[in-house]
Amino acid sequence: MALSGRDTELKELGELVDGPEDRSGVLLRGEAGIGKSALVASTAAAASVAGLRVLRTAGAEAERNLAYAGLHQLLYPVRAGVAELPAPQRDALRTALGLADGPSPSAYLVGLAALTLLAEEAAAKPLLLVAEDVHWLDRASADVLAFVARRIETEPIVLLATLRDGAESPLLEAGLPSMVLDRLPPDAAAELLDSVAPRLAPAVRTRLLAEAAGLPLALTELPLAVGELDGLDPVLPLTERLERTFTARVAALPEVTRTALLVAALNETTSLAETLAATGALLAAGAGVGGTGVPGACADPGILAPAVEARLVELSAGAVTFRHPLMRSAIPASATPLDRRHAHLALVEALRDQPDRRAWHQAAATAGPDETVAGELERTAERARFRGGAAAAIAALEQAARLSPNAEDQADRLLKAAELAVESGRRETAERLVHAANPADPRRRATAGRLLSEFEDGVREDPARVAELARTAASVAADGQHDAAMRILWSAAMRCFWTEPGPEARQALLDVADRLPIPETDPRIVAVTAYVAPFERGQAVLAHLRELVAKTGADPEVDRYLGSAALQVGAFDLAARFSAAAAPGLRAQGRLGLLPRALAVQAWSRVRLGDLAGAVPAAAEAARFARETGQPFMAGLATAVQAEIAALRGEHKQAKTLADEAERAGLAAGARPVLATVQLTRGLTGLSEGRFEDAFADLRRLLDPADPAYQLALRTYCVAELTEAAVRAGRTDALRDVLAELEPLAAKTPSPALHIGLRYARAVLDPDDERFAEALRADLAGWPAERGRVHLAFGEWLRRQRRVVESRTHLRTARKTFDALGMAAWADRARRELRSAGESSPNRGPDARDKLTPHELSIAQLAAGGLTNREIGQRLYLSHRTVGTHLHRIFPKLGVSSRADLAGKLKTLGG
């Protein structure tokens, strides 16, 4: 197709090819026939001339249910490099592409393998990745392409993708800039028409320009159908009129050619051999289009020659390719149902060694219920799931359900598909499938209820749903399905974190958990009881956690459960250990949906402990992966933790900006932990800025059951901050009321965070040497920020008592502690107090946290720990070359020239 009127777009795409290291790519968008393919072809040709290697894939509607079909097409030319990948990535990619058997791979691990393979190829020669019609790519391939697109900004790789207007694709959320193609203006439209049909009569030319309305495909194809224009309904959309002109062009061809075209249009691939084999079988059986039969026929490429002459298809290198998707879709639409059925059955015979494709063609040829075909589709779904293709497996199970003669089998297949939709984060699909299943018996109804309860931890649901889940869990447990009941309990327990269901619902969950024949040391039971009853069961939970902490690293899922449990009962040191142990295993398994949860717990806990160096990269990574995996409230929680970090570092403007962002994520649905952390951040900022009344008001909200920031467990873990704000604002009476509410809870649980806060509050509210000494005698080995806080308050009180010499020791210890932790706001306060006590302090120089972004700090810490670029890339889901690029930026920022100097420098700078 000519490119008249596309000078601006050609120039911009040319710049993309000229500087592949500077831009990650472009998403070309526009209606069918607007000229996307012509621009892509021109850009690909220019890229080849410029020395780039071009790798291609294209979506096809018939291939949407074949997992990783698009990725296989893209990577086939570089498949030799798969053998050189790190073992986990190599195995995941080979399994996904059907080249080997192995455990079901994570989509993210497949994405990392594809990224690593492409980065290695690009090191030898820059790459242009071309992905056309991404709206028709199978979902697994589209997800991998989106994963890659987010991570190639520093690689000599560019991605050029095309997407039809109004269509959906994961690439829309991949951060690629869009180039939207409009119809051609009149002058350019006339120029294009004259270039393809220079000798038209003026009246016909005017009619064609009006009919085409600036659509390039119409301008190039309608001149071939001038005779049919009068017979077309002008009310029809232009694309439908074009399809009818293509249909008319097909109708004029020989029947054997039409038979071959129908087979080619229904085939998932462009294989000429497959098309000819199936066509030959049809003709030999007398089942060609219109009943065409040629006994003993063996189709050869010559039967497609008329279609080539009619400019419908192109033949090259063993492939038959339609010149435009509208041509391909027009042919089956105009065929009779019987002709389509015969063509599908012929493809079934031609694809005997490809069971998944055969199953789909069998299904397409089946008019009514058929358990044999349904069973084949279910096995196809299992193979797709095994390769990590959840969307393909869901589609196969849904089709199997439609063909199931038995209502129970139909419900089971729909619920199995819904389970896969839940696991892959497709809420609308899961809800549709569960409602379609409409199970009648209690067991299946319980399964349906559990599946619908597992999204977003129930944040958007009525809190009354928790009591309903308790009843469902009890019913399922009574039926002997204890593991299923446990899953329902965990789902309900998570709701007790994000929302507040009330004491009756919490007790109902505990009653069900207590009756289950599952040991109380089972990590799932430990986590459920911690979420549901953090004070009443706090002592037992803490005892179990201290026993289990020696077993970390065996199972990341278990470590994640236990990290969450430890956070609920205020054991932040244990929470940090368990969640840190969970993260490597979740990374290795590619479970990026669970990873931000572990990282968020790790970040939240480390901030409370004062370990900002560990919290900064964990919070940043949690926010990034939560957004990428579609978990808005986890992203909100991680962002709130980033706001808290900024407040502790004295970066008040940044803290306010991040707190507002997190609040927007949590407020609409009342995500209580997000809002609680936001209020904690605002309280810390108010304290640092000397706005003590505001700080007290912000922190007091955490303890008001009517406030959306109230969270049953987290409210008790800001006692020290609340105490300080109350004392400085002159609100000690209100503080005493709060402490009177919390002391009975402390009598029920040995929660470290609660008792540390209460000891601090007693000392500051009614200060004397003994109370401060009691606070310092507590085991604060893993809680440096809390120890520093006590030293600071003790020193301040001693100075006010005119015991200046004694005060300096505590104030100096506090300043050194906060400097080491990077808590600049608190360190500055200690400096001011020391100055008032007659002692000057050295200025705090910028540390690693000031010089590096959170992402850079994470890479620097891993490199300082001795990991290679490749190992760092595997942990952070980046290519090792991207890691190298970051290190080259990090070294000059820190004033080092090699990895050997990095560890010492980070230690010196407090990173």
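Residues numbered from 1 in each chain as written. Predicted model: local features only at pLDDT ≥ 70, side-chain atom pairs only at ≥ 80, totals over all residues. Heavy atoms only, no water.

Draft legend 1. Broad picture of the overall build of the chain. Within the chain one finds 46 helices and 7 strands. Relative to the 2.2 N^0.38 estimate, which gives 29 Å for 911 residues, the radius of gyration of the chain is 33 Å and therefore close to what a compact globule would have. Projected onto its principal axes, the C-alpha coordinates of the chain cover approximately 110 × 65 × 50 Å. Within the chain, the fraction of its 911 residues that count as buried is 57%. Per element, the accessible surface of the chain, about 35500 Å² overall, is 51% carbon and sulfur. Both charge centroids of the chain, one from 109 positive and one from 117 negative side chains, sit 5 Å from each other. (Helix = DSSP H or I, 4+ residues; strand = E, 2+ residues; numbered from the N terminus. Rg over C-alpha atoms; globule rule 2.2 N^0.38 Å. Buried < 20%, exposed > 50% of the residue type's maximum accessible area, 1.4 Å probe, protein only. Areas by Shrake-Rupley, 256 points an atom, 1.4 Å probe, with all protein chains shown as cover. Lys, Arg positive; Asp, Glu negative; His and termini not counted. Charge placed at Lys NZ, Arg CZ, Asp CG, Glu CD.)

Draft legend 2. Here's a closer look at helix α40 (residues 804–821). With 18 residues, α40 should reach 26 Å at 1.5 Å per residue; the first-to-last C-alpha distance of 25 Å fits that figure. Of the residues making up α40, those classed as buried are Ser807, His810, Leu811, Ala814, Arg815, Thr817, Phe818, Asp819 and Leu821. (Expected span 1.5 Å × (residues − 1).)

Draft legend 3. Main features of the nonpolar core. Counting 240 residues, the largest nonpolar core has Leu71, Leu93, Leu171, Trp498, Leu545 and Leu902 as its most contacted members. Non-local contacts of Leu545, meaning those with residues more than four positions away in its chain, are made with Val526, Leu562, Ala565, Ala566, Val569, Leu574 and Phe578. Of all hydrophobic cores here, the second largest spans 63 residues; its members include Leu28, Val40, Leu282 and Leu304. (Core = buried A, V, L, I, M, F, W, Y, C linked by side-chain atoms within 4.5 Å. Contact = heavy atoms within 4.5 Å.)

Draft legend 4. The packing of helix α27 (residues 556–568) against helix α29 (residues 595–609), seen in detail. Here α27 crosses α29 at 35°, and the two axes come no closer than 10 Å. The hand of the α27/α29 crossing is left-handed. Of the residues in α29, those in contact with Arg560, Gly563, Ser564 and Leu567 of α27 are Arg597, Ala598, Val601, Trp604 and Ser605. (Axes fitted to C-alpha atoms, helices over the stretch in contact; angles between N-to-C directions. Left-handed = near helix turned anticlockwise from the far one by under 90°.)

Draft legend 5. Main features of the packing of aromatic side chains. Applying the stated rule across the entire model yields 14 aromatic pairs. When the ring of Phe794 is compared with that of Trp797, the centres are 6.3 Å apart and the planes differ by 25°; the resulting orientation is stacked. A residue pair is termed a helical-turn pair when its members lie 3 or 4 positions apart in one helix, as Phe794 and Trp797 do in helix α39 (residues 784–800) at 3 residues. Overall, Trp797 belongs to the buried group, its relative accessible area being 10%. With a centroid separation of 6.1 Å and an interplanar angle of 40°, the aromatic rings of Phe818 and Trp826 are classed as tilted. The burial state of Phe818 is the same as that of Trp826; both residues are buried. An aromatic cluster of three or more residues is present, and its members are Trp490, Phe497, Trp498, Tyr531 and Tyr561. A cation over an aromatic ring shows up here: Arg79 above the ring of Tyr76, its NZ or CZ 3.8 Å from the ring centre. A cation sits over an aromatic face here: Arg560 above Tyr561, 5.5 Å from the ring centre. (Phe/Tyr/Trp six-rings, centres within 6.5 Å; stacked < 30°, edge-to-face > 60°. Lys NZ or Arg CZ within 6 Å of the ring centre and 35° of its normal.)

Draft legend 6. Structural view of the pairing of strand β6 (residues 313–316). As paired strands, β6 and strand β7 (residues 319–322) are joined by 4 bridges and run antiparallel to one another. Across the sheet, the residue bridging to Glu314 is Thr321, located in β7. Hairpin connection of β6 to β7: 2 residues between the antiparallel strands, including Ala317 at a positive phi of 45°. (Pairing = 2+ DSSP bridges.)

Draft legend 7. Highlighting the environment of Thr677. Secondary-structure assignment places Thr677 in helix α33 (residues 672–689). For Thr677, a relative accessible area of 1% gives the class buried. In this structure the C-alpha to C-alpha distance between Thr677 and Ala775, which are 98 residues apart in sequence, comes to 25 Å. Dropping the residues within four chain positions of it, Thr677 is found in contact with Trp604, Leu637, Ala640, Val641 and Glu644. From its side chain, Thr677 meets the backbone oxygen of Pro673 in a polar contact 2.8 Å long. (Polar contact = N/O pair within 3.5 Å; in protein donor to acceptor, adjacent residues only side chain to side chain.)

Draft legend 8. Local environment of α33. The terminal C-alpha atoms of α33, which comprises 18 residues, lie 26 Å apart, in line with the 26 Å expected from a rise of 1.5 Å per residue. Burial analysis of α33 places 16 of its 18 residues in the buried class, which makes it a mostly covered element. Taken from the residues just after α33, Gly690 is the one with a positive phi, measuring 80°.

Draft legend 9. Seen up close, the packing of helix α43 (residues 854–864) against helix α45 (residues 880–894). Contact geometry for α43 and α45: axes closest at 10 Å, N-to-C directions at 95°. Here α45 runs roughly perpendicular to α43, going by the angle between their axes. In contact with His855, Glu856, Ile859, Ala860 and Ala863 of α43, α45 contributes Val883, His886, Leu887, Arg889, Ile890 and Lys893. Residue composition of the contact of α43 with α45, by class: 6 nonpolar, 2 polar and 3 charged. (Parallel < 35°, antiparallel > 145°, perpendicular 65-115°, else oblique. Nonpolar A, V, L, I, M, F, W, Y, C, P; charged D, E, K, R; others polar.)

Draft legend 10. The side chain of Asp133, seen in detail. Tracing the chain through its elements places Asp133 in the loop between β3 (127–132) and α6 (139–149). The buried charged residue Asp133 lacks any salt bridge, with Arg164 as its nearest oppositely charged partner at 5.1 Å. Leaving out residues up to four positions away in the same chain, Asp133 has contacts with Gly59, Thr162 and Pro325. (Salt bridge = Lys/Arg side-chain N within 4 Å of Asp/Glu carboxyl O.)

Draft legend 11. Region of the structure containing the pattern of salt bridges. By the definition in use, this model includes 64 salt bridges. Of the charged contacts in the structure, one is a salt bridge between Glu221 and Arg323, with a shortest N-O distance of 2.9 Å. Remark: Arg323 occurs in the loop between β7 and α14 (325–334) and Glu221 occurs in helix α9 (residues 216–221); sequence separation between them is 102 residues. On the basis of relative accessibility, which here comes to 29%, the residue Arg323 falls in the partly exposed class.

Draft legend 12. Up close: the environment of Arg649. With respect to the secondary-structure elements, Arg649 resides in the loop between α31 (632–648) and α32 (652–667). Judged by its relative accessible area of 13%, Arg649 is buried. With 94 residues separating them in the primary sequence, Arg649 and Glu743 have C-alpha atoms 31 Å apart.

Draft legend 13. Here's a closer look at the sheet that holds strand β2 (residues 53–58). The 5 strands are arranged β2-β3-β4-β1-β5 in an open sheet whose pairing can be described as parallel. Edge positions in the open sheet fall to β2 and β5 (178–180), since each of these has one partner strand only. Pairwise comparison of adjacent strand axes, ignoring direction, gives a mean angle of 15° for this sheet.

Draft legend 14. Up close: the confidence of the model for the chain. Mean pLDDT over the chain stands at 88; residues scoring 70 or higher make up 94%. Within the model, the stretch residues 229–236 combines pLDDT values under 50 with 11 contacts to residues more than four positions away or in other chains. (pLDDT = per-residue confidence, 0-100.)

Draft legend 15. How the structure looks around the environment of Ala107. Structurally, the position occupied by Ala107 is in helix α5 (residues 107–124). Considered as a pair, Ala107 and Ala430 are 323 residues apart in the sequence and their alpha carbons are 19 Å apart. For Ala107, the contacting residues outside a window of four places in its chain are Tyr68 and Val144.

Draft legend 16. Expanded view of unusual backbone geometry. With a phi close to 60°, Arg311 is a non-glycine residue in the positive phi region. With relative accessibility at 30%, the residue Arg311 sits in the partly exposed group.

Draft legend 17. Fine view of the side chain of Glu9. Along the polypeptide, Glu9 turns up in helix α1 (residues 7–18). By relative accessible area, Glu9 is classed as buried at 15%. Setting aside its immediate chain neighbours within four residues, Glu9 contacts Leu39, Met179 and Leu181.

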